[in-house]
Amino acid sequence: MTEPFIPTFLDEPPNSRSLTSYDREHMVLYLRLLDSARDGADWREAVRVLFGLNPEHEPERCRLIHDTHLARARWMTEHGYRELVRESQQSCGRRDAATASRFAETSTSPRQNTRES
């Protein structure tokens with residue numbers, strides 16, 4: 001079995017009023033963080049799975065990484081996705097439009113369980 005891909009990351013994502021290259025590179029991570037928060041996952045589990053870190057060894061750092069990235073992911077649902085929509089409308093890019101739609105859905109729609117029992 002192959003190890004899951006874990007992107008390189010900063011302890012804190014850049015704080016900007018507009019999308020950054022870091023945001024673009026970490027959109028999947030942001031979506032996974034939003035999913036884990038919505039599902040009620042413990043932050044320690046999310047850090048282990050999504051960042052490949054052990055919160056037992058560096059609890060303060062791990063909590064900072066989780067909380068700041070989750071905050072940025074939430075910012076994307078409220079503000080950042082609009083830039084993606086504008087850009088996709090200008091360039092007719094399907095990938096960014098689909099990603100922007102996913103962020104918009106995450107922020108406005110309750111999750112429907114699509115897993116089969």
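Below, the structure is looked at part by part. Because the structure is a prediction, the values reported are computed rather than measured.

Quick word on the overall build of the chain
The helix and strand tally for the chain stands at 5 helices and 0 strands. Element order for the chain, N to C, with α for helix and β for strand: α-α-α-α-α. The burial tally for the chain puts 36% of its 117 residues in the buried class. Considering only intrachain contacts with a sequence separation of at least 6, the fraction spanning at least 24 residues in the chain is 60%.

Observations concerning the nonpolar core
Ranked by size, the top nonpolar core spans 23 residues in total, and within it F51, M76 and F103 carry the most contacts. Those elements that place two or more of their residues in this core are α2 (27-38), α3 (43-51) and α4 (59-91). In terms of residue count, α4 provides more of this core than any other element does, 8 residues in total. Ignoring sequence-local partners within four residues, the contact set of F51 consists of I6, F9, L29, L33, A46, I65 and H69.

Some details on the environment of P13
Position of P13 among the secondary structure elements: in the segment before α1 (21-25). For P13, a relative accessible area of 11% translates into the label buried. Separated by 57 residues in the primary sequence, P13 and L70 place their C-alpha atoms 9.7 Å from one another. Excluding anything up to four places from it in sequence, P13 contacts Y22, Y30, T68, H69 and R72.

Brief notes about the packing of aromatic side chains
In the structure shown here, the tally under the stated rule is 1 aromatic pair. In this structure, R72 packs its charged tip against the face of W75, placed 3.8 Å from the ring centre.

Remarks on the environment of R48
Within the secondary structure, R48 sits in helix α3. Along the backbone, R48 and C62 are 14 residues apart, and their C-alpha atoms lie at a distance of 9.0 Å. The residues contacting R48, other than those within four sequence positions of it, are L53, P55 and E56. Among the polar contacts made by the side chain of R48, one reaches the side chain of E56 at a distance of 3.5 Å.

Each value, and the rule that gives it
Residues numbered from 1 in each chain as written. Predicted model: local features only at pLDDT ≥ 70, side-chain atom pairs only at ≥ 80, totals over all residues. Heavy atoms only, no water. Helix = DSSP H or I, 4+ residues; strand = E, 2+ residues; numbered from the N terminus. Buried < 20%, exposed > 50% of the residue type's maximum accessible area, 1.4 Å probe, protein only. Contact = heavy atoms within 4.5 Å. Core = buried A, V, L, I, M, F, W, Y, C linked by side-chain atoms within 4.5 Å. Phe/Tyr/Trp six-rings, centres within 6.5 Å; stacked < 30°, edge-to-face > 60°. Lys NZ or Arg CZ within 6 Å of the ring centre and 35° of its normal. Polar contact = N/O pair within 3.5 Å; in protein donor to acceptor, adjacent residues only side chain to side chain.

So yeah, pure geometry; function would need other evidence.
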